[in-house]
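# Topology and contacts: notes
Given next are the chains, with one letter for each unit.
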Amino acid sequence: MKKFITAYLIGALSVLAFYIVFPLVMEGEMLDLSSKKVLNLMLPQMMIVGAAFGVVFTIIGAISQE
């Protein structure tokens, strides 16, 4: 369970990092992270990517221990 939670948090934080870093790399303006529109887009993506990371890395961890 610890592996799943760790991978979930890494996945969720990677979405947040993408929202922060991508506009800066593309020389655009910074997104307003306090905007409800951005939060409504970002939160479901964080949950989905976090769950995907959690499942994938938990399976990889289980296979590698065998």
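An account of the accompanying structure is given in this report.

Rules used throughout
Residues numbered from 1 in each chain as written. Predicted model: local features only at pLDDT ≥ 70, side-chain atom pairs only at ≥ 80, totals over all residues. Heavy atoms only, no water. Helix = DSSP H or I, 4+ residues; strand = E, 2+ residues; numbered from the N terminus. Expected span 1.5 Å × (residues − 1). Bend = angle between axes of the 7 residues up to and from the residue. Buried < 20%, exposed > 50% of the residue type's maximum accessible area, 1.4 Å probe, protein only. Contact = heavy atoms within 4.5 Å. Core = buried A, V, L, I, M, F, W, Y, C linked by side-chain atoms within 4.5 Å.

### Regarding the environment of Ser35
Positionally, Ser35 belongs in the loop between helix 1 (2-25) and helix 2 (36-65). Taking the C-alpha atoms as reference points, Ser35 and Thr58, 23 residues apart in sequence, are found 33 Å from one another.

### Observations regarding helix 1
Relative to the 34 Å expected for 24 residues at 1.5 Å per residue, helix 1 spans 33 Å between its end C-alpha atoms, a close match to the ideal helical length. The principal kink in helix 1, of about 25 degrees, is found at Phe18. Among the residues making up helix 1, those that are buried are Ala7, Gly11, Ala12, Val15, Tyr19 and Pro23. Buried residues along helix 1 sit in contact with helix 2. Backbone geometry just downstream of helix 1 places Glu27 in the positive-phi region, at approximately 60 degrees.

### Brief notes about the nonpolar core
Within the largest apolar cluster, six residues are counted, these being Ala12, Val15, Tyr19, Val38, Met42 and Met46. Going through the elements one at a time, helix 1 and helix 2 are the ones with two or more residues in this core. Contact partners of Met46, with chain neighbours within four places excluded, come to Ala12, Val15 and Leu16.

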